[in-house]
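Given next are the chains, with one letter for each unit.
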Amino acid sequence: MEGISEADAAICWYFRREWVGRASRLQWIATPAAGSDWIDLPPESSITIHHGGFHGLMMAESVLGAMLYFCKAFEASRNFQKQKKWARIKLSQQISSLYRARVTILGFGRIGRTIGRAVKPFGSLVTGVRRRADERPDYFDEADRVVPVDRLDEVLPETDHLVLVLPGGKETDGLLTADHFARLPAHCHLYNVGRGNPYREEHLVRALETRQIAGAYLDVFDEEPLPESSPLWGFDNVLIQPHLSAASPQYLDLFIQELIGKIKS
């Protein structure tokens, strides 16, 4: 990286470990990325890293849009439209609602809580799952709850929408097993906007093939780009996006605004 030897601070998307030896003056790094995948520092490094914390609103929009896509049968409506068919009865049988739907958010940190806040005006019931239960968000009703991850098996059978907002890493790798998919109701939809490693693709494919779950919105994958050979491309009940649930025309503006606030404080 040009000029790194003279820099006290760096604003970048990624930072390679081999650059640290040339960055003797570097005190902090700021990156718009939410995860730690792109900044590779040795464990003994004293450099402070500022990750982007502004992604929640955009990711909540993406998850909410996918929920409405499935609940309101937009794909089926589009298909009937192409056929010029007024299929009111058939479509009405496919439509559901977010009202009183149980939304389980696995990974109930800053982004997960923002997603939970987004679905509450629709009357959804939110269950946040994290390593340990802690303070309830101020927007929670009596029926909402935060539970530790060791109660996941208990929560899954009553879940209508399962949202994954988990970080990558060893702690989350393979966290959801084939048995967990089997515990979900057949009408449940899965939404993954965290990282692609919490489950094995073959387990998800099996759950979709056997209708253990109703469908999935997938924005992240264990291998990216998703290979053309992946069977996930072929499911009518799967909505795929290429890792852009946080994409927004205001992305960099929000990052700079947040960074200015951190510097001032």
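Here the structure is shown first, and the text comes after it.
Engineer: Explain the sheet that holds strand 4 (residues 102-106) residue by residue, including any values.
Structural biologist: Strands pair in a sheet through their backbones, by hydrogen bonds, and they do so in one of two ways: parallel or antiparallel. Within the open sheet, the seven strands sit side by side as 6-5-4-7-8-9-10. Their pairing is parallel. If you trace the sheet from one side to the other, it starts and ends with strand 6 (145-148) and strand 10 (238-240), each paired once. Strand-to-strand twist of the sheet, defined as the mean angle between neighbouring strand axes without regard to direction, takes the value 15°. Judged from the four bridges that link them, strand 8 (residues 189-192) and strand 9 (residues 215-218) form a sheet pairing that is parallel. Across the sheet, Tyr 191 pairs through a bridge with Tyr 217, a residue of strand 9.

Engineer: Would you mind going over the side chain of His 180 in detail, with residue names and values included?
Structural biologist: Within the secondary structure layout, His 180 lies in helix 6 (residues 178-183). Reaching out from His 180, the side chain makes a polar contact with the backbone nitrogen of Thr 177 at a distance of 2.9 Å.

Engineer: I'd like a description of a nonpolar patch on the surface, backed by residues and values.
Structural biologist: Nonpolar side chains collect at one region of the surface, where Trp 13, Tyr 14 and Trp 38 lie side by side and expose about 330 Å² of accessible area between them. As for its placement among the helices and strands, Trp 13 is situated in the loop between strand 1 (9-11) and strand 2 (28-31). The class for Trp 13 is partly exposed, based on a relative accessible area of 38%.

Engineer: Give me the lowdown on the packing of aromatic side chains, citing residues and values where you can.
Structural biologist: One pass over the full model with this rule turns up ten aromatic pairs. Consider the rings of Tyr 69 and Phe 70, whose centres lie 5.2 Å apart with planes at 75°: the pair is edge-to-face. Residues Tyr 69 and Phe 70 agree in their burial class; the two are buried. Where Phe 181 meets Tyr 199, the ring centres are 5.9 Å apart and the plane angle is 70°; that geometry is what we call edge-to-face. In this pair, Phe 181 sits in helix 6 while Tyr 199 sits in the loop between strand 8 and helix 7 (201-209), placing the two residues 18 residues apart along the sequence.

Engineer: Which residues make up the state of the cysteines, and what values go with them?
Structural biologist: As enumerated under the stated definition, the model contains zero disulfides in all. Cys 188 provides the cysteine sulfur closest to Cys 71, a residue in no disulfide bond, and the two sulfurs are 11 Å apart. A relative accessible area of 2% means that Cys 71 is categorised as buried. Exposure remark for Cys 188: the relative accessible area of 0% places this residue in the buried category.

Engineer: Tell me about the nonpolar core, and please be specific about residues and values.
Structural biologist: Ranked by size, the top nonpolar core spans 32 residues in total, and within it Met 67, Ile 105, Ile 115 and Val 163 carry the most contacts. Those elements that provide at least two residues to this core are helix 1 (56-71), strand 4, helix 4 (110-119) and helix 8 (251-264). Among the elements that line this core, the one with the most residues is helix 1, at ten residues. With sequence-adjacent residues up to four places away left out, Ile 105 is seen in contact with Gly 112, Ile 115, Gly 116, Val 126, Thr 127, Gly 128, Val 129, Val 163 and Val 165. Residues Leu 162, Phe 181, Val 205 and Leu 208 belong to the second largest nonpolar core, which totals 27 residues.

Engineer: For the sheet that holds strand 3 (residues 48-51), give the residues involved together with the corresponding values.
Structural biologist: As summarised here, the arrangement of the three strands in space is 1-2-3, forming an open sheet in which the pairing is parallel. Strand pairing shows two members of the sheet lacking a second neighbour, strand 1 and strand 3, which therefore form its edges. If you compare each strand with its neighbour and ignore which way they point, the axes differ by 15° on average. Alignment of strand 1 against strand 2, held across three bridges, turns out to be parallel. Bridge pairing in strand 2 links Ala 9 to Trp 28.

Engineer: Lay out the pattern of salt bridges with the relevant residues and their values.
Structural biologist: The full count for this structure, using the stated rule, is 15 salt bridges. Among the ionic pairs, Arg 25 bridges to Asp 8, the shortest N-O distance being 3.3 Å. Of this pair, Arg 25 sits in the loop between strand 1 and strand 2 while Asp 8 sits in the segment before strand 1, and the two are 17 residues apart along the sequence. With relative accessibility at 44%, the residue Arg 25 sits in the partly exposed group. Between Asp 134 and Arg 130 there is a salt bridge whose closest N-O contact spans 3.5 Å. Given the relative accessible area of 35%, Asp 134 is considered partly exposed. A relative accessible area of 25% places Arg 130 in the partly exposed class.

Rules used in this analysis
- Residues numbered from 1 in each chain as written.
- Predicted model: local features only at pLDDT ≥ 70, side-chain atom pairs only at ≥ 80, totals over all residues.
- Heavy atoms only, no water.
- Pairing = 2+ DSSP bridges.
- Helix = DSSP H or I, 4+ residues; strand = E, 2+ residues; numbered from the N terminus.
- Axes fitted to C-alpha atoms, helices over the stretch in contact; angles between N-to-C directions.
- Polar contact = N/O pair within 3.5 Å; in protein donor to acceptor, adjacent residues only side chain to side chain.
- Patch = residues over 30% accessible without salt bridge, like charges linked within 9 Å, V, L, I, M, F, W, Y side chains within 5 Å.
- Areas by Shrake-Rupley, 256 points an atom, 1.4 Å probe, with all protein chains shown as cover.
- Salt bridge = Lys/Arg side-chain N within 4 Å of Asp/Glu carboxyl O.
- Buried < 20%, exposed > 50% of the residue type's maximum accessible area, 1.4 Å probe, protein only.
- Phe/Tyr/Trp six-rings, centres within 6.5 Å; stacked < 30°, edge-to-face > 60°.
- Disulfide = S-S within 2.5 Å.
- Core = buried A, V, L, I, M, F, W, Y, C linked by side-chain atoms within 4.5 Å.
- Contact = heavy atoms within 4.5 Å.

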